[in-house]
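# Structural description and commentary
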Amino acid sequence: VQLQAFGGGLVQAGGSLRLSCAASGQASGRSFSSYGTGWFRQAPGQGREIVAVTSVGGSTSYSESVKGRFTVSRDNAKNTVYLQMNSLKPEDSAVYYCALDRPPAWRSRFYIARSMNEYDYWGQGTQVTVSS
């Protein structure tokens, strides 16, 4: 599976951006809807942190730092997951990565994968810079 993330850029504090992540090349017989999705970010000199997650069943989870400002959604028909980012702050500046989680058959559809180790496929990242 290949992931292509785009939509990053330079924005002033308080502004908005919408990131998209399109998947292609899914394994035969496995649809995009069967994957959990995650958005992560990494600022210079820092580790990669989780931002927002959707489960196969559609449940979502956000980090405390973005809760109420960011919204994750997915369009399974388009094999795409989105991250709408509003009220951006300079501390949101980072490279944003999307990832897919290929859950085992025994796991709940509503399970939220919060660890990087749980993700099987990663996009190349898109830079978001928020100026003050």
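Residues numbered from 1 in each chain as written. Predicted model: local features only at pLDDT ≥ 70, side-chain atom pairs only at ≥ 80, totals over all residues. Heavy atoms only, no water.

Here we come to the packing of aromatic side chains. On inspection of all chains with the given rule, the structure shows 4 aromatic pairs. Both rings, one in Phe-40 and one in Tyr-119, keep their centres 5.2 Å apart while their planes meet at 85°; by these two values the pair is edge-to-face. Placement of the pair is Phe-40 in strand S4 (residues 36-42) and Tyr-119 in the loop between strand S9 (94-101) and strand S10 (121-122), with a sequence separation of 79 residues. Summarising the burial analysis for this pair, Phe-40 and Tyr-119 share the class buried. Ring geometry for Phe-40 and Trp-122: centres 4.9 Å apart, planes at 50°, overall tilted. (Phe/Tyr/Trp six-rings, centres within 6.5 Å; stacked < 30°, edge-to-face > 60°. Helix = DSSP H or I, 4+ residues; strand = E, 2+ residues; numbered from the N terminus. Buried < 20%, exposed > 50% of the residue type's maximum accessible area, 1.4 Å probe, protein only.)

Read across the open sheet, the 4 strands follow the order S1-S3-S8-S7; overall the sheet is antiparallel. Here the strands that pair on one side only, and so sit at the sheet edges, are strand S1 (2-6) and strand S7 (70-75). Going from strand to strand, the sheet's axes swing by 15° on average, the running direction of each strand aside. Here strand S3 (residues 17-24) pairs with strand S8 (residues 80-85) via 6 bridges, running antiparallel. When the sheet's bridge partners are listed, Ala-22 is paired in S8 with Thr-80. (Pairing = 2+ DSSP bridges. Axes fitted to C-alpha atoms, helices over the stretch in contact; angles between N-to-C directions.)

Quick look at the pairing of S3 now. Judged from the 5 bridges that link them, S1 and S3 form a sheet pairing that is antiparallel. Bridging across to S3, Leu-3 finds its partner in Ala-23.

Turning next to unusual backbone geometry. Even without a glycine there, the phi angle at Asn-79 is positive, about 55°. With respect to the secondary-structure elements, Asn-79 resides in the loop between S7 and S8. The phi torsion at Ser-87 lies on the positive side, around 50°, for a residue other than glycine. Tracing the sequence through the fold places Ser-87 in the loop between S8 and S9.

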